[in-house]
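Breakdown of the fold
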Amino acid sequence: MTRYKLYGRYGWGSVLTEAQLDWYGLAFDFVDAGDLFEDASARRSLGKLNPLAQVPVLILPDQQVMTESAAITFHLADAAGSHELVPQSGEPARPRFLRWLIFIVANIYPTFTYADVPTRFVPDGKAATGFRANVDDYQKKLWRMVEAEAGAPWFLGERFSALDIYIAVMTRWRPNRPWFEANTPKLAALADRGSDLPKLKPALLRNYPPETD
Ligand SMILES: N[C@@H](CCC(=O)N[C@@H](CS)C(=O)NCC(=O)O)C(=O)O
């Protein structure tokens with residue numbers, strides 16, 4: 001088998017991987033993992049591949065299971081033999097790329113894990129509402145830190161990278177586009193530019209059809 005298999009959910013984090021597979025022209029089949037928040041059987045089923053029951057889950061052509069979008073980002077660059085999305089060792093942009101990619105997956109992404117369904121972590125309803133509000137505020141603080149570091153036309157300046165894909169995707173999530181436009185205009189602008197790239201547009205349209213955007 002030479003194809004990849006991507007377990008995901010349209011609109012969710014699997015689009016980060018889907019867009020990169022498209023970018024490199026790597027053939028893949030998409031498997032809808034179901035609503036992992038609402039559907040216990042979807043969680044059980046994906047849990048056999050990823051004990052966290054989160055997407056993306058990528059099955060490599062040799063059947064190895066990969067999770068963690070940043071790890072997948074590095075692996076796909078290796079597999080494609082390309083430095084287009086991941087600055088290579090020795091490239092001046094690499095330290096900033098490493099720093100901010102890990103910042104996003106280590107600091108911002110978990111705010112969704114904890115606040116998407118806050119009662120998973122704070123069972124009392126009223127306390128959960130307050131917890132969600134605080135985590136959402138913290139997330140905004142984190143995005144402002146990313147904004148302060150953003151270059152133009154891309155996050156790293158002239159150099160496009162997978163960071164721009166993360167920003168194009170994640171600025172469609174909470175706190176939603178109007179907030180990013182008002183509070184992180186550089187991120188909103190580079191997200192718009194990224195979303196228009198011919199190599200990214202089809203994956204973004206599959207995940208965010210215009211009528212639901
Ligand atoms: N660190 C993971 C985070 C993945 C993640 O949080 N995925 C979300 C969808 S955007 C998910 O599957 N959430 C379900 C859950 O947390 O139960 C990565 O970077 O791939």
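Residues numbered from 1 in each chain as written. Predicted model: local features only at pLDDT ≥ 70, side-chain atom pairs only at ≥ 80, totals over all residues. Heavy atoms only, no water.

Quick word on a positive patch on the surface
As a reminder of what qualifies: Only residues whose relative accessible area exceeds 30% and that form no salt bridge are eligible for patches; like-charged ones are grouped when within 9 Å, while nonpolar side chains (Val, Leu, Ile, Met, Phe, Trp, Tyr) are grouped when within 5 Å. Here the open area of atoms and residues is found with the Shrake-Rupley method and a 1.4 Å probe, where only the protein chains shown may cover a residue. Salt bridge, as applied in this entry: a Lys or Arg side-chain nitrogen positioned within 4 Å of an Asp or Glu carboxyl oxygen. Note that His is not counted, nor are the chain ends; the positive residues are Lys and Arg, and the negative ones are Asp and Glu. To locate a charge, take NZ of a lysine, CZ of an arginine, CG of an aspartate or CD of a glutamate. Secondary structure counts use DSSP, requiring at least four H or I residues in a row for a helix and at least two E residues in a row for a strand, with both numbered from the N terminus. Type-normalised accessible area, obtained with a 1.4 Å probe on protein chains alone, sets the label of each residue: buried when under 20%, exposed when over 50%, and partly exposed for intermediate values.
Taken together, the side chains of R43, R44, K48 and R120 define a basic patch exposed on the protein surface. With respect to the helices and strands, the residue R43 is situated in helix α2 (residues 40-47). The exposure class assigned to R43 is partly exposed, which follows from its relative accessible area of 32%.

Quick look at helix α1 (residues 14-24)
Burial within α1 is extensive, with ten of its eleven residues counted as buried. Among the residues of α1, S14, V15, L16, T17, E18, A19, Q20, L21, W23 and Y24 are the ones counted as buried. At the C-terminal side of α1, G25 shows a positive phi close to 70°.

What about the packing of aromatic side chains?
Going by this rule: Aromatic rings from Phe, Tyr and Trp, with only the six-membered ring used for Trp, were paired whenever their centres fell within 6.5 Å, and each pair was classed as stacked if the ring planes differed by under 30 degrees, edge-to-face if by over 60, and tilted otherwise.
The full count for this structure, using the stated rule, is twelve aromatic pairs. Look at W12 and F37: their rings are 5.3 Å apart centre to centre, the planes differ by 45°, and that puts the pair in the tilted class. Within this pair, whereas W12 is found in the loop between β1 (4-8) and α1, its partner F37 is found in the loop between β2 (28-32) and α2, the two being separated by 25 residues in sequence. Relative accessible area serves as the criterion here: at 29%, F37 is assigned to the partly exposed category. On the numbers, 5.7 Å between centres and 55° between planes, the contact of Y109 with W173 is tilted. Of this pair, Y109 sits in helix α4 (residues 94-115) while W173 sits in the loop between α6 (162-170) and α7 (177-183), and the two are 64 residues apart along the sequence. Given a relative accessible area of 11%, W173 falls into the buried group.

Quick notes on the site of the ligand
Applied cut-off: Residues are labelled near a given molecule or strand when at least one of their non-hydrogen atoms is within 4 Å of it. For this analysis, a polar contact is any N or O atom pair within 3.5 Å, provided that within protein one partner can donate a hydrogen and the other can accept it, and provided that sequence-adjacent residues contribute only side-chain to side-chain pairs. A pocket here means an open set of points on a 1 Å grid, computed over the protein atoms alone, that has protein on both sides within 12 Å along at least five of seven lines. A cavity is instead a set of points where a 1.4 Å probe fits but cannot get out; residues with an atom within 4 Å of a point line either one. Those molecules having more than half of their atoms within 2 Å of a cavity or pocket grid point set are described as sitting in that cavity or pocket.
In the vicinity of the ligand, 13 residues are found, and the nearest of them are G13, V55, E68, S69 and R120. Residue V55 places a main-chain N or O atom 2.8 Å away from a nitrogen atom belonging to the ligand. Between the ligand and the protein, one listed contact pairs a nitrogen atom with a side-chain N or O atom of E68 at 2.6 Å. More than half of the atoms belonging to the ligand lie within 2 Å of the grid points that define the largest pocket.

As for the domain arrangement of the protein
Rules: Domain ranges listed in this record stem from an automatic or a database domain assignment. Whether two residues are in contact is decided by their heavy atoms: any pair within 4.5 Å suffices. In this description, buried area is defined as the sum, over both parts, of the accessible area (probe of 1.4 Å) that is lost when the two are combined. Residues are sorted three ways: Asp, Glu, Lys and Arg are charged, Ala, Val, Leu, Ile, Met, Phe, Trp, Tyr, Cys and Pro are nonpolar, and all the rest, Gly among them, are polar.
Here the domain parsing of the protein yields domain 1 (4-80) and domain 2 (94-205). The centre of domain 1, based on its C-alpha atoms, is set 19 Å off from the matching centre of domain 2. Domain 1 puts 17 residues into the contact, and the matching count from domain 2 is 22 residues. Taking both sides of the interface into account, the surface hidden between domain 1 and domain 2 amounts to around 1,600 Å²; carbon and sulfur atoms contribute 73%. Considering only the side of domain 1, the residues that lose the most area to domain 2 are L16, W23 and F37, jointly responsible for 39% of the buried surface there. On the surface where domain 1 and domain 2 come into contact, there are zero salt bridges. Across the domain 1-domain 2 interface, the total number found is three residue pairs in polar contact (both at pLDDT 80 or more). Take the side of domain 1 that touches domain 2: its biggest share by element is seven residues, from α1. Residue composition of the side of domain 1 that touches domain 2, by class: nine nonpolar, six polar and two charged.

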